[in-house]
Amino acid sequence: MKKSPLFALFSIFFFLTLVSAIPYNVTDVVNGATIEHRFYYNQQHFMTIIDASGTLAIRPHPGVDVNGWGSTLYLRLFSQAPF
């Protein structure tokens, strides 16, 4: 299985989670070709990073409202190279 381009970032975050006393946690949810990396502080789900077929989406979750998702930021490589 091909590793996500954010694998190094999550590895560092996971390492810092293991060595620190701060209660952060990351869980991965795989749905077909889409991988969701869900970030938690204690029991609060505060952010999701979605890797869907080359498109990176960052979805913050402000506050404690379970239905209070913020905006989703989509990042994708764009090139205007003439073909």
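Small disclaimer: the values here were computed from a predicted structure and weren't measured.

**Brief notes about the side chain of His-37**
Consideration 1: Looking at the secondary structure, you find His-37 in strand β2 (residues 34-41).
Consideration 2: One polar contact links His-37 to Asp-28, side chain to side chain, over a distance of 2.6 Å.

**Overview of the environment of Ala-52**
Consideration 1: Tracing the chain through its elements places Ala-52 in strand β3 (residues 44-52).
Consideration 2: Judged by relative accessible area, which is 26%, Ala-52 ranks as partly exposed.
Consideration 3: The sequence separation of Ala-52 and Glu-36 amounts to 16 residues, and the corresponding C-alpha distance is 8.4 Å.

**What about the sheet that holds β2?**
Consideration 1: A sheet is described by the order of its strands in space; here five strands give the open sequence β1-β2-β3-β4-β5, paired in antiparallel fashion. Because the sheet does not close on itself, it has two edges, and the strands there are β1 (24-31) and β5 (73-75). On average, adjacent strands in this sheet sit at an angle of 20 degrees to one another, irrespective of strand direction.
Consideration 2: Sheet analysis places β3 next to strand β4 (residues 55-60), joined by six bridges and oriented antiparallel. Each residue of the ladder has a partner; that of Ala-52, found in β4, is Thr-55.

**Details of the pattern of salt bridges**
Side-chain pairs of opposite charge can arise whenever the charged atoms involved come near each other.
Consideration 1: Following the criterion strictly, the structure yields one salt bridge and no others.
Consideration 2: Note that Glu-36 and Arg-38 form a salt bridge whose closest N and O atoms lie 2.8 Å from each other.
Consideration 3: On the basis of relative accessible area, Arg-38 is assigned to the partly exposed category, the value being 26%.

**Considering the packing of aromatic side chains**
Two measures describe an aromatic ring pair: the distance that separates the ring centres and the angle between the ring planes.
Consideration 1: Taken as a whole, this structure holds three aromatic pairs when the rule is applied.
Consideration 2: An angle of 55 degrees between the planes, with centres 4.9 Å apart, marks the rings of Tyr-24 and Tyr-41 as tilted. Here Tyr-41 lies in strand β2 and Tyr-24 lies in strand β1, a separation of 17 residues in the sequence.
Consideration 3: A ring pair is formed by Phe-39 and Phe-46, whose centres lie 6.2 Å apart and whose planes are at 55 degrees; its orientation type is tilted.

**Focus on the environment of Gln-44**
Consideration 1: Mapped onto the fold, Gln-44 is located in strand β3.
Consideration 2: Using a relative accessible area of 26% as the deciding quantity, one classes Gln-44 as partly exposed.
Consideration 3: Note: C-alpha distance between Gln-44 and Asn-25 (19 residues apart in sequence) is 9.7 Å.

Criteria and thresholds
- Residues numbered from 1 in each chain as written.
- Predicted model: local features only at pLDDT ≥ 70, side-chain atom pairs only at ≥ 80, totals over all residues.
- Heavy atoms only, no water.
- Helix = DSSP H or I, 4+ residues; strand = E, 2+ residues; numbered from the N terminus.
- Polar contact = N/O pair within 3.5 Å; in protein donor to acceptor, adjacent residues only side chain to side chain.
- Buried < 20%, exposed > 50% of the residue type's maximum accessible area, 1.4 Å probe, protein only.
- Pairing = 2+ DSSP bridges.
- Axes fitted to C-alpha atoms, helices over the stretch in contact; angles between N-to-C directions.
- Salt bridge = Lys/Arg side-chain N within 4 Å of Asp/Glu carboxyl O.
- Phe/Tyr/Trp six-rings, centres within 6.5 Å; stacked < 30°, edge-to-face > 60°.

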